[in-house]
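Notes for the structure review
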Protein chains: 2
Amino acid sequence: MSTYEKTCLIRGDGGRAIRGILGRVADKWTLLVVATLEDGRMRFTELHQRIPGISQRMLTRTLRNLERDGLVSRDVFAEVPPRVEYELTDAGRTLIDPAVRLAEWAVAHNPQIEASQQAYDAQRGTPPL
Amino acid sequence: MSTYEKTCLIRGDGGRAIRGILGRVADKWTLLVVATLEDGRMRFTELHQRIPGISQRMLTRTLRNLERDGLVSRDVFAEVPPRVEYELTDAGRTLIDPAVRLAEWAVAHNPQIEASQQAYDAQRGTPPL
DNA sequence: CTGCATCCCGCGTGATACTG
DNA sequence: CAGTATCACGCGGGATGCAG
């Protein structure tokens, strides 16, 4: 497949599909939750502790969306105190690889990008926009 | 590299690097602009026409950010009427491959995900949250 | 043609407090 | 323990109009 044909995947229907997925998968927390769940089945509090900076609310919302998308399974145990365990589904696990590619690109190019930003901001005043 | 080691790329510093890149690259329009520019050097109006639904304002902002990140070069011609041409830099071109991986994942899993969402919404009332 | 300025609205997000 | 409810704030992003 040529590079041109590949980018058609992105442009596709005018980008609706790709934006839909990115809007879901690239929201502030989803990728972190998925990556953390790669360590295996885990309950709410442990996820909360493992992901620094996420609020209870955002963790709940992110998990709900992932469950709705069929990427994470949610098991509730009828105990007291309550226990809920989360786990990646097979579909969820397939997300890891493409996400890692992007992460590799990110860490590889981060220094270069930040350098470029500083150079840009140095010429014009600091305000980028 | 193991899958576990890979996800450490995402989790990394608590996700700051990854969220930074995603916040930049996965905003509503950036990927579409990059993919469109893969066809070669292009001026503002042509980009605007090729990307359905983008507003003039958002195209300008997206291009400025990409320029600031060093992913797109901007050439201004001192003519009248003015002409400005945009082109991917080498760094910008390296983004295409990882982006395409994610796009492939998106189109491959979109039907499955939407089905899962409908099933989820069918059980509980339509409100996902 | 290119793109900046202004106005304005809605949503995503954090903080905090309360419930089963 | 695992959420839900409420509030308040800021930013993304569309529409419109003006400028070089």
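Residues numbered from 1 in each chain as written. Chains lettered and ligands numbered in written order. Predicted model: local features only at pLDDT ≥ 70, side-chain atom pairs only at ≥ 80, totals over all residues. Heavy atoms only, no water.

Residue-level contacts link 60 residues of chain B with 59 residues of chain A. Summing both partners gives a buried area of about 6000 Å² for chain B against chain A, and 69% of it is carried by carbon and sulfur. Counting every contact that joins chain B to chain A gives four salt bridges. One salt bridge connects A:D39 with B:R11, and the closest N-O pair in it is separated by 3.4 Å. Counting across the chain B and chain A interface gives 18 residue pairs in polar contact (both at pLDDT 80 or more). Mapped by element, the contributors of at least two residues to the side of chain B that touches chain A are α1 (3–11), α2 (16–25), α3 (30–37), α5 (56–68) and α6 (90–123) of chain B. (Contact = heavy atoms within 4.5 Å. Buried area = accessible area lost by both parts, 1.4 Å probe. Salt bridge = Lys/Arg side-chain N within 4 Å of Asp/Glu carboxyl O. Polar contact = N/O pair within 3.5 Å; in protein donor to acceptor, adjacent residues only side chain to side chain. Helix = DSSP H or I, 4+ residues; strand = E, 2+ residues; numbered from the N terminus.)

With that settled, consider the packing of helix α1 (residues 3–11) of chain A against α6(B). It is at 8 Å that the axes of α1(A) and α6(B) come closest, and there the two elements cross at 55°. On the basis of the axis angle, α1(A) is oblique to α6(B). In the packing of α1(A) onto α6(B), the handedness of the crossing is left-handed. Counting all contacts with α1(A), which are made through A:T3, A:K6, A:T7, A:L9 and A:I10, the residues of α6(B) involved are B:I96, B:D97, B:A99, B:V100, B:A103, B:E104 and B:V107. (Axes fitted to C-alpha atoms, helices over the stretch in contact; angles between N-to-C directions. Parallel < 35°, antiparallel > 145°, perpendicular 65-115°, else oblique. Left-handed = near helix turned anticlockwise from the far one by under 90°.)

In the vicinity of DNA strand C, 19 residues are found, and the nearest of them are A:R57, A:M58, B:T45, B:R64 and B:R74. Per the 4 Å cut-off to the protein, sugar and phosphate atoms form 57% of the nearby atoms of DNA strand C. A distance of 2.6 Å is found between a phosphate oxygen of DNA strand C and a side-chain nitrogen or oxygen belonging to B:R64. Contact distances for DNA strand C include 2.8 Å between a phosphate oxygen and a side-chain N or O atom of B:Y86. (Near = heavy atom within 4 Å.)

With that out of the way, let us pick up the pairing of strand β2 (residues 72–77) of chain B. All names here are of chain B. As paired strands, β2 and strand β3 (residues 83–88) are joined by six bridges and run antiparallel to one another. Bridge pairing in β3 places V76 opposite V84. Between β2 and β3, which pair antiparallel in sequence order, lie five residues. (Pairing = 2+ DSSP bridges.)

Another aspect to go through is the relation of the copies chain B and chain A. Mapping chain B onto chain A is achieved by rotating through 180° and translating by 0.0 Å along the same axis, at an RMSD of 0.0 Å. With respect to symmetry, the two chain copies, as superposed, fit the operation of a two-fold axis. Taken together, the interface assignments show that 98% of the residues at the interface of chain B recur at the interface of chain A, consistent with an identical surface on both copies. (Least-squares fit on C-alpha atoms with pLDDT ≥ 70 in both.)

Tallying each qualifying case throughout the model produces zero aromatic pairs over all chains. Note that A:R83 overlies the ring of A:F77, its terminal NZ or CZ placed 4.0 Å from the centroid. (Phe/Tyr/Trp six-rings, centres within 6.5 Å; stacked < 30°, edge-to-face > 60°. Lys NZ or Arg CZ within 6 Å of the ring centre and 35° of its normal.)

Here we take up the protein's contact with DNA strand D. In the neighbourhood of DNA strand D, 18 residues make up the surrounding shell, with A:R43, A:T45, A:R74, A:Y86 and B:R57 lying closest. The sugar-phosphate backbone supplies 52% of the atoms of DNA strand D found within 4 Å of the protein. The contact in question runs from a phosphate oxygen of DNA strand D to an N or O atom on the side chain of A:R43, over 2.9 Å. In this structure, a phosphate oxygen belonging to DNA strand D sits 3.4 Å away from a side-chain N or O atom of B:S55. Counting only elements with at least two residues in the surface near DNA strand D, the list comes to α4 (44–50), α5 (56–68) and β3 (83–88) of chain A together with α5 of chain B.

Our next topic: unusual backbone geometry. Across the junction of A:V80 and A:P81, the peptide omega takes the value 5°, indicating a cis bond. Inspection of the secondary structure assignment puts A:P81 in the loop between β2 (72–77) and β3.

Residues and elements named next belong to chain B. The N-to-C vectors of α3 and α5 enclose an angle of 75°; their axes lie 10 Å apart at closest approach. In terms of axis orientation, α3 runs roughly perpendicular to α5. Contact residues: α3 offers T30, V33 and V34, while α5 offers L59, T62, L63 and L66.

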